[in-house]
Amino acid sequence: MSVRRLAEEQPESFEFTPENLEWAQQQIAKYPEGRAASAVISLLWRGQEQNDGWVSEPMIRCIGDLLGMPYIRVLEVATFYTMFNLAPRGKYLIQICKTTPCWLRGSDDVTDVVKRKLGVGPGKVTEDGLFSWMEVECLGACCNAPMIQINDDYYEDLDAARTEALLDAFARGETPAPGSQTGRRSSEPVGGLTSLTGSAGQTGGES
Amino acid sequence: MPKLTIDGTEVEVEPGASLLQACEAAGKEIPRFCYHERLSIAGNCRMCLIEVEGGPPKPVASCAMAAADDMVVHTDSPMVKKAREGVMEFLLANHPLDCPICDQGGECDLQDQAMAFGTDGSRFAENKRAVDDKNMGPLIKTEMTRCIHCTRCVRFTTEVAGIYDLGATGRGEDLEITTYLEKAVMSEMSGNVIDLCPVGALTSKPYAFTARPWELSKTETIDVMDAIGSSIRVDARGSEVMRILPRINDDVNEEWISDKTRFIWDGLRRQRLDTPYIREDGKLRKAGWGEALQRVAEKVKAAAPDRIAAVAGDLACAESMAALKDLWDALGSPHIDCRQDGAQLGGGERGDYLFTSTLSAIDTADALLLIGCNPRAEAAVFNARIVERSRLGGFAAASIGAPIDANFPCAQLGAGPATLRELIAGEHSFAKTLADAEQPMIIVGMGALARPDGAAVLSAAKQLAANVGATGVDVLHNAAARVGGLDLGLLPGEGGRDVAAIMQGAQAGEVDLVYLLGADEIDMNGLGDAFIVYQGSHGDAGAHRADVILPGAAYTEKNALWVNTEGRVQLGVRACFPPGEAREDWTILRALSDFVGHTLGYDDLSGLRARMIELAPHFTEIGTAGQAVAGAASEGAAMADTPFDLAIDDFYLTNPIARASAVMAECSALAQVAAQDKEATGTHG
Ligand code: SF4
Ligand code: FES
Ligand code: FES
């Protein structure tokens, strides 16, 4: 992790679309009177979705005003959680898991490929506006390590070649199927099932 | 009441007390950084770890755990020692070793506790973290690499100062204390974070690199920037005041002071009157004391007693006012007044011009009505107390008068007397709030009293208090000298003129000489051709208009008494000597009395104090608030319909010392810009 600051260049203003505003009001209504601040994460998340995936300074003020929160309190939340991007990002945001299980299984190779192919540092956007990347801590899919997250989906069981293929596919405008890239189903054993091999009707007990 | 054993001694503590408090009660010192008696508990520094038997097999943060019956606590076990050393090692891992160039050196909690509880080495071999410094305005200097993330500053600004500017962004090692977009902290109370910061991350900008704490002589005295009379400590080196810090006084200022109180000291060095002056051919020239006093005496003797007048200013000490009063009585002039702003107070019962229910009563009040009063500007420290009370909930506040920028929820009921009448008639919903409250408080400020119908307003407020069952009306003064002046009777005598009439008289040529005792707040152009004697410490409005200047001492340069708005007589102690030829104020009047042939009957301070006790017996009771009864509301005089004004429009520039201070000027300019921005955007920040 590194120091998280608001982007240098900021848009003039931010406003929720009418639909999102209505949604925001529903979120606020979930909390008791005077506790509107509880909705801050939901609103930041929705704001980020609306704003091409990043949280801008005017958005922080807009949400502060909506929730009756001092701006600094919204900024605290936005800078605390790494899931909020504080600067514009590429169309595809690649989050590379670097925590121990993934690292033991070769996340360094994956990172190398991403760095080489994208040619930009973490948090920066490629010239075509397609990609940006960052390192993250465990995303909870260690059993299929190493893995990366691209936008909302997990791509697992990677190595250098598979990562490269994945990025090429995205660059071509395709959306590869998420999940394991070796063809195994979810996180079943790599070498095929060793237990629960019978059919669904069988009564177990011995295996 | 939980009973527990701490290091073998049994103690009993209040229910709800923390283990840390229990340890203190048992006489054990617990190191801490984030814990502070007057702030909420954060429990984030871990320095206060102790061992609780039978609890989890790890040290416990004593500040964040409640004491319970039968606990067995150790504060000096091997586990505790190891835990403290560990925490200290972590804290120092990223803390720079720049003590030699750090202003906190010598009074740094981290330094002291590292000495007492740390070890002599570190296993941390990596690079230390560095943090960008933040701009926090002209008062607070930042060195954020030194920050240990205790969040005391953040908690203070939100919980006490009532501003929401400071926060902690990021997390973990990258946590940073900052203001939103690095705006300057705009609060009258911001300087207190300097005292609260346990390390040298937040230090005083004006004081930066000027002194080390051990070189300073420390004098415990009181402040005169407002009528609260905060307890302060003045640190001086030689003849110069280097800084001003708060002292703990739960009845008055808890342990806070306002920025004006704290940073006024550069004003004590500028624009000083250090020698007598006489005006000759329209120009002031330096003069000796004998010459100057002779000149004044000639003019006094030449004028009929009915044609001389005296006005006492807002910072005057009780001693000088008593001497002035005696001198004027001896001369036979009834024209004397201590109310530069024309407040319609004094003369009647003492309780009619005091804050009778005492300042600390706000802690238990549940409804508050402000009439023509803006506590944030007039008594910033008291305002913080309202903020604290307000945060606890079950508290309703409202204001009548010009809209105020309150930093606690405060309903604006109306602009003036009309609203007050509605409340008295019970036609206003807030009247019910007051009536239903257990302990309603009605505070009347100078905005409502310093006007021709002030007495009627006070009477109306009393009526309201009686209607809603409040104990009385509390008068919030804003001049440190005022209550003392009223106590000593610096009011027009039989047929005497008040300030407005003195000015009229001077304009009309009916008053030949006006003696200004530190009075700078009146319109000097309104004094006609009268001969003006100015006695005071600073070359402000009065000195510019004066025909003779008699240089006096500022509040840090004399042993003197002031009476605060509660009627509390407080002792000011000299921290350093007045500059040059300047003298303690009462001695100037004593000397003048010789020259005019009416020698005052006291030769030393104790003689004068005895005389003051004759005039007002409560001057014996130093430190206690006035036990005074108020008169009943009077019928008759009607209130005008004009709305109540604000008594103070610039918090930072209310007196001659403040106007001489460059720091105050900068703060004032910044506050004006901020106010304009606020108006322009209409946003809160
Ligand atoms: S700046 Fe000082 S008071 Fe504020 S969090 Fe850091 S160490 Fe604590
Ligand atoms: S370590 Fe990578 S997903 Fe858990
Ligand atoms: S004082 Fe207890 S954790 Fe800081």
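The shown structure was predicted, so the numbers you read here are calculated from the model rather than taken from an experiment.

Procedures and definitions
- Residues numbered from 1 in each chain as written.
- Chains lettered and ligands numbered in written order.
- Predicted model: local features only at pLDDT ≥ 70, side-chain atom pairs only at ≥ 80, totals over all residues.
- Heavy atoms only, no water.
- Buried < 20%, exposed > 50% of the residue type's maximum accessible area, 1.4 Å probe, protein only.
- Helix = DSSP H or I, 4+ residues; strand = E, 2+ residues; numbered from the N terminus.
- Arc of directions from axis to C-beta.
- Phe/Tyr/Trp six-rings, centres within 6.5 Å; stacked < 30°, edge-to-face > 60°.
- Contact = heavy atoms within 4.5 Å.
- Buried area = accessible area lost by both parts, 1.4 Å probe.
- Salt bridge = Lys/Arg side-chain N within 4 Å of Asp/Glu carboxyl O.
- Polar contact = N/O pair within 3.5 Å; in protein donor to acceptor, adjacent residues only side chain to side chain.
- Core = buried A, V, L, I, M, F, W, Y, C linked by side-chain atoms within 4.5 Å.
- Patch = residues over 30% accessible without salt bridge, like charges linked within 9 Å, V, L, I, M, F, W, Y side chains within 5 Å.
- Areas by Shrake-Rupley, 256 points an atom, 1.4 Å probe, with all protein chains shown as cover.
- Lys, Arg positive; Asp, Glu negative; His and termini not counted.
- Charge placed at Lys NZ, Arg CZ, Asp CG, Glu CD.
- Axes fitted to C-alpha atoms, helices over the stretch in contact; angles between N-to-C directions.
- Parallel < 35°, antiparallel > 145°, perpendicular 65-115°, else oblique.
- Nonpolar A, V, L, I, M, F, W, Y, C, P; charged D, E, K, R; others polar.
- Pairing = 2+ DSSP bridges.
- Near = heavy atom within 4 Å.
- Left-handed = near helix turned anticlockwise from the far one by under 90°.

A. Highlighting helix H2 (residues 40-50) of chain A. Taken residue by residue, H2(A) has A:Val40, A:Leu43, A:Leu44, A:Gly47 and A:Gln48 as its buried positions. Down the axis of H2(A), the buried set is contained in an arc of 135°. They therefore lie on one face.

B. Seen up close, the packing of aromatic side chains. By the definition in use, this model includes 13 aromatic pairs over all chains. Geometrically, the ring pair formed by A:Tyr71 and B:Tyr180 is tilted, given 5.5 Å between the ring centres and 55° between the ring planes. With A:Tyr71 in helix H4 (residues 71-80) and B:Tyr180 in the loop between strand E8 (176-179) and helix H5 (192-196), the pair connects residues from two separate chains. The same class applies to A:Tyr71 as to B:Tyr180, namely buried. Taken together, a centroid distance of 4.7 Å and an interplanar angle of 55° make the contact between A:Tyr92 and A:Phe170 tilted. One end of the pair, A:Tyr92, is in strand E1 (residues 92-97); the other, A:Phe170, is in helix H7 (residues 160-171), with 78 residues separating them in the sequence. The burial state of A:Tyr92 is the same as that of A:Phe170; both residues are buried. Through a chain of ring-to-ring contacts, the aromatic side chains of A:Trp45, A:Phe80, A:Tyr81 and A:Phe84 assemble into a single cluster.

C. Main features of the interface of chain A and chain B. With 20 residues of chain A at the contact, the number on the chain B side is 21 residues. Around 1700 Å² of area is buried between chain A and chain B when both sides are counted, 57% of it from carbon and sulfur atoms. The interface formed by chain A and chain B includes two salt bridges. A salt bridge links A:Arg5 to B:Glu176; its shortest N-O distance comes to 2.5 Å. Inspection of the chain A/chain B interface yields seven residue pairs in polar contact (both at pLDDT 80 or more).

D. Expanded view of the environment of B:Leu458. Residues and elements named next belong to chain B. With respect to the helices and strands, Leu458 occurs in helix H14 (residues 454-468). For Leu458 and Asp474, which are 16 residues apart along the polypeptide, the C-alpha to C-alpha distance reads 9.8 Å. Residues within four places of Leu458 in sequence aside, it is in contact with Leu345, Asp352, Leu449, Val473 and Val475.

E. Structural context of the nonpolar core. Counting 99 residues, the largest nonpolar core has B:Leu4, B:Leu19, B:Val73, B:Phe156, B:Ile177, B:Ile244 and B:Tyr555 as the members making the most contacts within it. Apart from residues lying up to four places away in sequence, B:Ile244 is in contact with B:Ile232, B:Arg233, B:Val234, B:Ile257, B:Thr261, B:Arg262, B:Ile264, B:Trp265 and B:Tyr555.

F. Looking closely at the pattern of salt bridges. Residue and element names in this part refer to chain B. Counting across every chain of the model gives 62 salt bridges over all chains. Residue Arg279 is joined to Asp547 by a salt bridge in which the shortest nitrogen-to-oxygen separation is 3.9 Å. Remark: Asp547 occurs in the loop between helix H17 (541-545) and strand E24 (548-551) and Arg279 occurs in strand E13 (residues 277-280); sequence separation between them is 268 residues. Here Arg590 makes a salt bridge to Asp594, at a shortest N to O gap of 3.3 Å. Linking Arg590 with Asp594, this pair stays in helix H18 (residues 585-595), spanning four residues, or about one helical turn.

G. Molecular detail of a negative patch on the surface. Taken together, the side chains of B:Glu10, B:Glu12, B:Asp69 and B:Asp70 present a region of like negative charge at the surface. With respect to the helices, strands and loops of the structure, B:Glu12 is situated in strand E2 (residues 9-12).

H. Quick look at the packing of helix H8 (residues 318-331) of chain B against helix H19 (residues 605-615) of chain B. Residue and element names in this part refer to chain B. One way to put it is that H8 packs onto H19 with a least axis distance of 10 Å and a crossing angle of 75°. If you check the angle between H8 and H19, you find them roughly perpendicular. Of the residues in H19, those in contact with Ala318, Glu319, Ala322 and Asp326 of H8 are Leu605, Leu608, Arg609, Arg611, Met612 and Leu615. Each residue belonging to the contact of H8 with H19 can be placed in one class, and the counts come to six nonpolar, no polar and four charged.

I. Representation of the environment of B:Val629 within the structure. Residue and element names in this part refer to chain B. With respect to the secondary-structure elements, Val629 resides in the loop between H19 and helix H20 (656-660). A relative accessible area of 62% means that Val629 is categorised as exposed. In the structure, Val629 is positioned 275 residues away from Leu354 in sequence and 9.3 Å away in space, judged by C-alpha atoms. When neighbours within four sequence positions are excluded, Val629 is seen to be in contact with Glu349, Arg350, Gly351 and Asp352.

J. Fine view of the sheet that holds E1(A). Residues and elements named next belong to chain A. Spatial strand order, E2-E1-E3-E4-E5: five strands in an open sheet with mixed pairing. At either margin of the open sheet sits one strand with a lone partner, and together these are strand E2 (131-136) and strand E5 (179-180). Examined bridge by bridge, strand E4 (residues 153-156) and E5 share two bridges and lie parallel to one another. Paired with Tyr155 across the bridge in E5 is Gly179.

K. Representation of the site of ligand 1 in the model. Close contacts around ligand 1 come from 13 residues, with B:Cys147, B:Cys150, B:Thr151, B:Cys153 and B:Cys197 the closest. In terms of residue class, the shell around ligand 1 is built from 11 nonpolar, two polar and no charged.

L. Representation of the side chain of B:Asp453 in the model. Residue and element names in this part refer to chain B. Position of Asp453 relative to the elements: it lies in the loop between helix H13 (446-449) and H14. Looking at Asp453, its side chain comes within polar contact range of the side chain of Arg451, at 2.7 Å. Not counting chain neighbours up to four residues away, the residues in contact with Asp453 comprise Ala638, Met639 and Ala640.

M. Spotlight on unusual backbone geometry. In this structure, A:Pro146 follows A:Ala145 across a cis peptide bond, with omega equal to -10°. One can find A:Pro146 in the loop between E2 and strand E3 (148-150). In the Ramachandran plot, B:His149 falls in the positive-phi region, its phi being about 65° despite a non-glycine side chain. One non-glycine residue, B:Glu254, lies in the positive phi region at around 50°. Within the fold, B:Glu254 resides in the loop between strand E12 (240-246) and helix H6 (259-263). On the basis of relative accessible area, B:Glu254 is assigned to the buried category, the value being 10%.

N. Spotlight on a nonpolar patch on the surface. Together, A:Trp45, A:Phe80, A:Tyr81 and A:Met83 line one region of the surface with nonpolar side chains, adding up to about 350 Å² of accessible area. Structurally, A:Trp45 is set in helix H2.

O. Structural context of the pairing of strand E14 (residues 283-286) of chain B. Pairing of E13(B) with E14(B) involves four bridges; the strand directions are antiparallel. Paired with B:Ile278 across the bridge in E14(B) is B:Arg285.

P. Inspection of the side chain of B:Ser204 at higher detail. All names here are of chain B. Note that Ser204 resides in strand E9 (residues 202-204). For Ser204, a relative accessible area of 11% corresponds to the buried category. Polar contacts involving the side chain of Ser204 include one to the main-chain amide nitrogen of Tyr207, which spans 3.3 Å. Excluding anything up to four places from it in sequence, Ser204 contacts Leu139, Lys141, Ile194 and Phe263.

Q. Summary view of the packing of helix H3 (residues 57-67) of chain A against H4(A). Residue and element names in this part refer to chain A. Where H3 meets H4, the closest approach of the two axes is 8 Å, and the angle between their N-to-C directions is 120°. Here H4 runs oblique to H3, going by the angle between their axes. The way H3 lies across H4 gives a crossing that is right-handed. Of H4, the residues touching H3 (which contributes Ile60, Arg61, Ile63, Gly64 and Asp65) are Tyr71, Val74, Leu75 and Ala78. Classifying every residue of the contact of H3 with H4 gives six nonpolar, one polar and two charged.

By themselves, these are just geometric observations and shouldn't be taken as functional.
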